[in-house]
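Fold and contact review
Read off the chains here:
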Amino acid sequence: MQDQILGSRLPTGVIRGCDKCTNCQKVTAKWRPEEARVPILSEAPAFYPTEEVWFIYQNLIGTVPFGSVRY
């Protein structure tokens, strides 16, 4: 009974048990690359700040934890 309950929770394409034992798992599913999804991603914008701009951002980021303590 316990094997039947666990067997029903296995992913699709996986079976429990074989001729020699009852507690092993066998994968019967196959991967089909033609059905795989490949996300189409565009190039992400890159940020190349000058030294002056970088210093401004560092100071801004440094003040965030102190300002957020009130909330």
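All values derive from a computational prediction rather than experimental measurement.

Let's talk about the overall build of the protein chain
- Scanning the protein chain from terminus to terminus reveals 2 helices and 2 strands.
- Across the 71 residues of the protein chain, 6% fall into the buried class.
- Of the roughly 7,400 Å² that the protein chain leaves accessible, carbon and sulfur atoms contribute 59%.

Observations concerning the packing of aromatic side chains
- A full pass over the atoms with the stated rule returns 1 aromatic pair.
- Taken together, a centroid distance of 5.7 Å and an interplanar angle of 85 degrees make the contact between F47 and Y57 edge-to-face. Within this pair, whereas F47 is found in the loop between β2 (25–27) and α2 (51–68), its partner Y57 is found in helix α2, the two being separated by 10 residues in sequence.
- Residue classification places Y57 among the partly exposed positions, given a relative accessible area of 39%.

Remarks on a nonpolar patch on the surface
- A cluster of nonpolar residues, F47, V53, W54, Y57, L60 and I61, forms a patch on the protein surface that exposes about 630 Å² of accessible area.
- For W54, a relative accessible area of 45% puts it in the partly exposed group.

Quick notes on the state of the cysteines
- One pass over the full model with this rule turns up 0 disulfides.
- The structure places no disulfide on C21, whose sulfur is separated from the nearest cysteine sulfur, that of C24, by 3.4 Å.
- The partly exposed category is assigned to C24, whose relative accessible area is 22%.

Description of the confidence of the model for the protein chain
- With 79% of its residues at a pLDDT of 70 or more, the protein chain has an overall mean of 77.
- No element of the protein chain has a lower mean pLDDT than helix α1 (residues 2–7), which averages 48, and none a higher one than α2, which averages 82.
- Predicted confidence is poor over residues 1–5, with pLDDT under 50, and the contacts of this stretch with residues over four places away or in other chains come to 2 contacts.

The rules behind each value
Residues numbered from 1 in each chain as written. Predicted model: local features only at pLDDT ≥ 70, side-chain atom pairs only at ≥ 80, totals over all residues. Heavy atoms only, no water. Helix = DSSP H or I, 4+ residues; strand = E, 2+ residues; numbered from the N terminus. Buried < 20%, exposed > 50% of the residue type's maximum accessible area, 1.4 Å probe, protein only. Areas by Shrake-Rupley, 256 points an atom, 1.4 Å probe, with all protein chains shown as cover. Phe/Tyr/Trp six-rings, centres within 6.5 Å; stacked < 30°, edge-to-face > 60°. Patch = residues over 30% accessible without salt bridge, like charges linked within 9 Å, V, L, I, M, F, W, Y side chains within 5 Å. Salt bridge = Lys/Arg side-chain N within 4 Å of Asp/Glu carboxyl O. Disulfide = S-S within 2.5 Å. pLDDT = per-residue confidence, 0-100. Contact = heavy atoms within 4.5 Å.

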